[in-house]
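Structure at a glance
Take a look at the letters that make up each chain.
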Amino acid sequence: MQDQCDDNRIWVFGYGSLIWNPGFDFDERMLARAPGWERSFCLRSLVHRGTPEAPGLVLALDEGQGACAGLAFAVKPGQEDEVMAYLRERELVTSAYLEREIDVDLNDGRRVRAVTYVIDRHHDQYCGGLSDDEQARIIASATGGRGPNRDYLFNTAQHLHELGIPDPHLDALVARLHDLS
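Residues numbered from 1 in each chain as written. Predicted model: local features only at pLDDT ≥ 70, side-chain atom pairs only at ≥ 80, totals over all residues. Heavy atoms only, no water.

**Describing the layout of surface pockets**
Applicable threshold: Grid points spaced at 1 Å and placed over the protein atoms alone form the basis of the search, with a cavity being a set where a 1.4 Å probe fits but cannot get out and a pocket an open set showing protein on both sides within 12 Å along at least five of seven lines. Lining residues have an atom within 4 Å of a point. Grid points are joined across faces, edges and corners, and a volume is the space filled by probe spheres set on the points. Secondary structure elements are taken from DSSP: a helix is a run of H or I of four residues or more, a strand is a run of E of two residues or more, and numbering for both begins at the N terminus. Amino acid classes used here: Ala, Val, Leu, Ile, Met, Phe, Trp, Tyr, Cys and Pro are nonpolar; Asp, Glu, Lys and Arg are charged; the rest, including Gly, are polar.
Volume-wise, the largest pocket comes out at about 370 Å³. Around the largest pocket, the lining is made up of 24 residues, and of these His48, Val58, Arg90, Glu91 and Tyr97 lie nearest the centre. If you list the elements that add at least two residues to the lining of the largest pocket, you get helix H1 (17-20), strand E2 (26-45), strand E3 (56-75) and helix H2 (80-91). For the lining of the largest pocket, the per-class residue count stands at 12 nonpolar, seven polar and five charged. Volume-wise, the second largest pocket comes out at about 230 Å³. Taken together, 18 residues make up the lining of the second largest pocket; nearest its centre are Arg33, Cys68, Ala69, Ile165 and Pro166. Sorting the residues of the lining of the second largest pocket by element identifies E2 and E3 as the ones contributing at least two each. Across the lining of the second largest pocket, the residue classes tally to 10 nonpolar, four polar and four charged.

**Observations regarding helix H5 (residues 168-180)**
How we decide: Helix span, expected: 1.5 Å multiplied by one less than the number of residues in the helix. For every residue, the accessible area (1.4 Å probe, protein chains only) is compared with the maximum for its type, and the residue is labelled buried under 20%, exposed over 50%, or partly exposed between those bounds. Of all possible arcs, the one meant is that of the directions from the helix axis to the C-beta atoms. Residue contacts are counted whenever heavy atoms from the two residues lie within 4.5 Å of one another.
A rise of 1.5 Å per residue sets the reference length of H5, with its 13 residues, at 18 Å; its end C-alpha atoms lie 18 Å apart and thus fit the reference within 8%. Within H5, the full set of buried residues consists of Leu170, Leu173, Val174 and Leu177. The arc that holds the buried residues of H5, viewed along the axis, is 100 degrees, so those residues lie on one side. Residues of H5 that are exposed and angled more than 90 degrees away from the buried face: Pro168 and Asp179. The inward-facing, buried residues of H5 abut E2, E3, helix H3 (132-141) and helix H4 (149-163).

**Some thoughts on the pairing of E2**
In the case of a regular strand, side chains alternate between the two sheet surfaces. Quick reminder of the rule: The criterion for strand pairing is that DSSP finds at least two bridges linking the strands in question.
Pairing between E2 and E3: 16 bridges, direction antiparallel. Within E3, the position partnered with Glu38 by the bridge is Asp62.

**A few points about the pairing of strand E5 (residues 111-119)**
Within E5, seven of the nine residues are buried, which leaves it mostly tucked inside the rest of the structure. Relative to E5, strand E4 (residues 97-106) runs antiparallel, the two being bridged by nine bridges. Of the residues in E5, the one forming a bridge with Asp105 is Arg111.

See the structure below:
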């Protein structure tokens, strides 16, 4: 991988709903990998995909082995403040995510620093280590302000497939939810 490139744009790394719904205009979009991180259903959703009484599960970027594949978006010059305000309002609703800049390897060989949102393992919404069956059960039944939790899983898995990004764990959860139907 190349050294850090001289790209002064703000990059944003998406690994979940940002892949299929970034919510902002971007200058460039590229497949990317975040070394040392993994995509995980380890965050109880009390707002978007669940409620405090019946929490759902959403993806978070958690420290792990290997690398998480996703998309990197370069923010259009002049829109940095607007995009960062939007992302903070969207991603920091309950402060279970931490805003971080991490190294991301773009598919064309460049390495950039990208803003992303990682799980705070000390937050009470963190729930790493749930079994696949428990994750499927929660996702199958939860609904929040942005709709059914299952739609979030299905949209993310579908878009990862369309991008050619394999995620066996999400595929297994999709299959479990179909079995529960």
